[in-house]
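Understanding the architecture of this molecule
Here are the chains, one letter per residue:
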Protein chains: 2
Amino acid sequence: MNTEKITSVHNARVKAWNALHTKKGRDEAHLFLVEGEHLVEEALKENILKTLIIDRECPFDFDHIIEVTPEIMKKISQNVSAVHMIGVCEIKEKKVGDADRVILLDGVQDPGNLGTMIRTAVSFGFDAVYCSNDTCDLYNDKVIRSTQGALFHIPIIRKDLSGHITALRNDGFRIVATTLEHSKTMSEIPNEGRLAFIFGNEGNGVSKAIQQASDERLRIEMEGFESLNVAVAAGIIMYHYQRNL
Amino acid sequence: MNTEKITSVHNARVKAWNALHTKKGRDEAHLFLVEGEHLVEEALKENILKTLIIDRECPFDFDHIIEVTPEIMKKISQNVSAVHMIGVCEIKEKKVGDADRVILLDGVQDPGNLGTMIRTAVSFGFDAVYCSNDTCDLYNDKVIRSTQGALFHIPIIRKDLSGHITALRNDGFRIVATTLEHSKTMSEIPNEGRLAFIFGNEGNGVSKAIQQASDERLRIEMEGFESLNVAVAAGIIMYHYQRNL
């Protein structure tokens, strides 16, 4: 085990790590940060952990550890409560294998919503998450925190959605856009075959062009006239369309 | 119409409004803030709007308007994007009427989760939300934003949950705690009679004492072994247990 020590907050490494809090910094370095033991362990299992930053004894074996002061840890961490372990991880898209349940996100803006939808997709055995180019960045701290580690268990891929809808349809997927207008209820769209569900932006929903490119329009039946948070809507639909329910 | 003008950020009113960003300040003044036209209009309809703070022309009639500079507006607002209208509202609990679907929140900590669950409860026609004393404050800016105005459409009441469970049971409610352990699935608990669902803290779930005080334990069937975000779990359960589904 090879442990370096950094004691100055002005150290160039500290600056470089903090640059990973911005999308630009992450894209340039092809790295992102995860905070706390649970996420670090998940990153380790996935073989993407490059450097482990700690401010106390390390509970597991890893060959590239950098010890820092609690002050430096606090400077790097985005958590409100104290964190003692931050992992620097490589950005690496997982490959999509055999898939028959996927979701497409069309301009989801809120990091908490994106992270929550990824977590739900893993819980209900979905096979992939495709994000439009204007969906918020996956490696944002708040997204990662909201996934609770689920981001390591599913391929999450940035795509031009219009083009990808065609590709999915050619692969036998039925493309289902979620929207209130001219839509069917869940009991009218059977849970069979390959299914791709599209969820839209918090304010505007699924864009018109993407709705028109879809095979079906789906809504959630409700008593009131309120709208649902997109992550809640996605949860209800993914629950219903689990493979083996 | 009686319009005052404030031009100094050091004005005592500005300080008093900013104090409403803390729970202590809200509790003392018995007031809270809502930002943006949509929420202000909802507050107006509910007859709880006391003062309207604006930095441009007011699009509707109201008899207590205070005009401020954009600089002051920015100082009061908690929104990332610019807001031109903030309402100072009276804290006033709605009364629970005839109820047969209610939710109980046992230590929900995240403001976004609380707000989202309130929004979902209104969408699915639930009649009341009861919050334990350690659930986060309802009048937190982030909670209000996440409700999207739904907080004005349902009674939300702070209660000691143990005592309230007994009261609900005496009123003929079946008390259903959500938990993975020793639990039934939704198909095993029929959607009939009066039902009260309990959702728990993000990290720890429903507390043991509250679970033991319940009549049923309910889980959401899923393929994976992941957990769900509590607002997503609540959404799936409230969707399923709508009165008229």
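Residues numbered from 1 in each chain as written. Chains lettered and ligands numbered in written order. Predicted model: local features only at pLDDT ≥ 70, side-chain atom pairs only at ≥ 80, totals over all residues. Heavy atoms only, no water.

**Some words on the packing of helix α5 (residues 111-123) of chain B against helix α9 (residues 230-240) of chain B**
Residue and element names in this part refer to chain B. As a packed pair, α5 and α9 sit with axes 9 Å apart at the nearest point and diverge in direction by 10°. As summarised for this structure, α5 and α9 are arranged roughly parallel, according to the angle between their axes. Counted together, Asn113, Thr116, Met117, Thr120 and Ala121 of α5 and Val230, Ala231, Ala234, Gly235 and Met238 of α9 form the full contact between these two elements. Taken together, the residues of the contact of α5 with α9 break down into six nonpolar, four polar and no charged. (Axes fitted to C-alpha atoms, helices over the stretch in contact; angles between N-to-C directions. Helix = DSSP H or I, 4+ residues; strand = E, 2+ residues; numbered from the N terminus. Parallel < 35°, antiparallel > 145°, perpendicular 65-115°, else oblique. Contact = heavy atoms within 4.5 Å. Nonpolar A, V, L, I, M, F, W, Y, C, P; charged D, E, K, R; others polar.)

**Focus on the relation of the copies chain A and chain B**
Of the transformation placing chain A onto chain B, the axial shift is 0.0 Å and the rotation is 180°, giving an RMSD of 0.0 Å. On the angle and the small slide along the axis, the relation comes out as a two-fold axis. Mapped onto chain B, 100% of the interface residues of chain A again fall at the interface, so both copies present the same surface. (Least-squares fit on C-alpha atoms with pLDDT ≥ 70 in both.)

**Here we look at the pairing of strand β9 (residues 173-178) of chain B**
All names here are of chain B. For β9, the tally of buried residues reaches five of six residues, placing the bulk of the element in the interior. Examined bridge by bridge, β9 and strand β10 (residues 194-200) share five bridges and lie parallel to one another. Residue pairing in the sheet places alanine 177 in a bridge with isoleucine 198 of β10. (Buried < 20%, exposed > 50% of the residue type's maximum accessible area, 1.4 Å probe, protein only. Pairing = 2+ DSSP bridges.)

**Some thoughts on the pattern of salt bridges**
Here the structure, examined in full by the defined rule, presents 27 salt bridges over all chains. For glutamate 181 of chain B, the salt bridge is made with lysine 208 of chain B, and the minimal N-O distance between the two is 2.9 Å. Highlighted residues: glutamate 181 of chain B in the loop between β9 and β10 and lysine 208 of chain B in helix α8 (residues 208-212), separated in sequence by 27 residues. Several salt bridges converge on common partners, so that one network encompasses Lys23, Arg26, Asp27 and Asp137 of chain A. (Salt bridge = Lys/Arg side-chain N within 4 Å of Asp/Glu carboxyl O.)

**Observations concerning the sheet that holds strand β6 (residues 101-106) of chain B**
All names here are of chain B. The six strands are arranged β8-β7-β6-β10-β9-β11 in an open sheet whose pairing can be described as parallel. The sheet terminates laterally at β8 (156-158) and β11 (216-218), the two strands that pair on one side only. Neighbour-to-neighbour, the strand axes of the sheet open up by a mean angle of 25°, direction not taken into account. Across the sheet, α5 is in contact with β6, β7 (128-131), β8 and β10; its angle to β6 comes to roughly 175°.

**Thoughts on the pairing of strand β5 (residues 85-90) of chain B**
Along any regular strand the residues' side chains alternate between the sheet's two faces. Residues and elements named next belong to chain B. Here β5 lies mainly inside the structure; five of its six residues are buried. Both strand β2 (residues 31-35) and β5 contribute to a ladder of five bridges, which runs antiparallel. Paired with valine 34 across the two strands is glycine 87, which belongs to β5. Bridging between strand β3 (residues 49-54) and β5 involves five bridges; their strand directions are antiparallel. Considered in β5, the bridge of isoleucine 54 is made with methionine 85.

**Concerning the sheet that holds strand β1 (residues 3-6) of chain B**
Residue and element names in this part refer to chain B. Across the sheet, five strands lie side by side as β1-β4-β3-β5-β2; this open sheet has mixed pairing. Looking at the sheet topology across the chains shown, the edges are occupied by β1 and β2. On average, each strand axis in the sheet is tilted by 25° relative to the strand beside it, whichever way the strands run. Direction of pairing for β1 relative to strand β4 (residues 65-68): parallel, over a ladder of four bridges. Of the residues in β4, the one forming a bridge with isoleucine 6 is valine 68. Docked against the sheet, helix α1 (residues 12-19) engages β1, β2, β3, β4 and β5, running at close to 90° with respect to β1. With respect to the sheet, helix α3 (residues 37-45) is in contact with β2, β3 and β5, its orientation differing from that of β5 by roughly 30°.

**Considering unusual backbone geometry**
All names here are of chain A. One non-glycine residue, histidine 30, lies in the positive phi region at around 55°. Structurally, the position occupied by histidine 30 is in the loop between α2 (23-29) and β2 (31-35). At glutamine 148, a residue that is not glycine, the phi angle is positive and equals roughly 55°. When you line up the elements, glutamine 148 lands in the loop between α6 (141-147) and β8 (156-158).

**Examining a positive patch on the surface**
On the surface, Lys142 and Arg145 of chain A together with Lys142 and Arg145 of chain B cluster together into a patch of positive charge. Looking at the secondary structure, you find arginine 145 of chain B in helix α6 (residues 141-147). Owing to a relative accessible area of 33%, arginine 145 of chain B belongs among the partly exposed residues under this scheme. (Patch = residues over 30% accessible without salt bridge, like charges linked within 9 Å, V, L, I, M, F, W, Y side chains within 5 Å. Areas by Shrake-Rupley, 256 points an atom, 1.4 Å probe, with all protein chains shown as cover. Lys, Arg positive; Asp, Glu negative; His and termini not counted. Charge placed at Lys NZ, Arg CZ, Asp CG, Glu CD.)

Limitation: the analysis is restricted to geometry and does not speak to function.
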